[in-house]
Amino acid sequence: MNAALGSVVATGAAFEQIVIAVFRVRDGQILSYRDYINPLPLLDALVSITGGTHA
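Residues numbered from 1 in each chain as written. Predicted model: local features only at pLDDT ≥ 70, side-chain atom pairs only at ≥ 80, totals over all residues. Heavy atoms only, no water.

To continue, consider the overall build of the protein chain. Across its full length, the protein chain holds one helix and three strands. Element order for the protein chain, N to C, with α for helix and β for strand: β-β-β-α. Per-residue burial over the protein chain gives 11% buried out of 55 residues. Considering only intrachain contacts with a sequence separation of at least 6, the fraction spanning at least 24 residues in the protein chain is 22%. Total accessible area on the protein chain stands at roughly 4,400 Å², and carbon and sulfur atoms take up 58% of it. (Helix = DSSP H or I, 4+ residues; strand = E, 2+ residues; numbered from the N terminus. Buried < 20%, exposed > 50% of the residue type's maximum accessible area, 1.4 Å probe, protein only. Contact = heavy atoms within 4.5 Å. Areas by Shrake-Rupley, 256 points an atom, 1.4 Å probe, with all protein chains shown as cover.)

So, in structure tokens, the structure goes:
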């Protein structure tokens, strides 16, 4: 797991997302790669633009 830091350009609102990278490897070769993020921290930062809420 790694953390990705970012900010919303329009407001400067900072956010941090946890990134999980999953590699499938066989015989030293990468068969597939997927990454997963939780979009809620970004959504919270974007809500600062609209002043709304998210469910």
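And the narrative resumes.
Attention now goes to the pairing of strand 2 (residues 14–26). Residues in a regular strand project their side chains so that they alternate between the two faces of the sheet. As paired strands, strand 1 (residues 2–7) and strand 2 are joined by six bridges and run antiparallel to one another. Considered in strand 2, the bridge of S7 is made with A14. The turn joining strand 1 and strand 2, which pair antiparallel and follow one another in sequence, is formed by six residues; a positive phi near 80 degrees is taken by G12. Relative to strand 3 (residues 29–37), strand 2 runs antiparallel, the two being bridged by eight bridges. (Pairing = 2+ DSSP bridges.)

Now for the environment of T11. Here T11 lies in the loop between strand 1 and strand 2. Separated by 35 residues in sequence, T11 and L46 place their C-alpha atoms 8.7 Å apart.

With that out of the way, let us pick up the confidence of the model for the protein chain. Averaged over every residue, the pLDDT of the protein chain is 86; residues scoring 70 or more account for 84%. Element-level pLDDT for the protein chain is lowest in helix 1 (residues 40–50), with a mean of 81, against a maximum mean of 95 in strand 3. (pLDDT = per-residue confidence, 0-100.)

Let's shift gears to the sheet that holds strand 3. Strand order in this open sheet of three strands is 1-2-3, and the pairing throughout is antiparallel. Whereas interior strands pair on both sides, the edge strands pair on one side only; in this sheet they are strand 1 and strand 3. For this sheet, the mean inter-axis angle between neighbouring strands, taken without regard to orientation, is 30 degrees. (Axes fitted to C-alpha atoms, helices over the stretch in contact; angles between N-to-C directions.)

Glancing now at the side chain of Q17. Tracing the sequence through the fold places Q17 in strand 2. For Q17, a relative accessible area of 9% puts it in the buried group. Separated by 3.3 Å, the side chain of Q17 and the backbone oxygen of N38 make a polar contact. Every residue in contact with Q17, bar those within four places of it in the chain, is listed here: N2, A3, A4, I37, N38, P39, P41 and L42. (Polar contact = N/O pair within 3.5 Å; in protein donor to acceptor, adjacent residues only side chain to side chain.)

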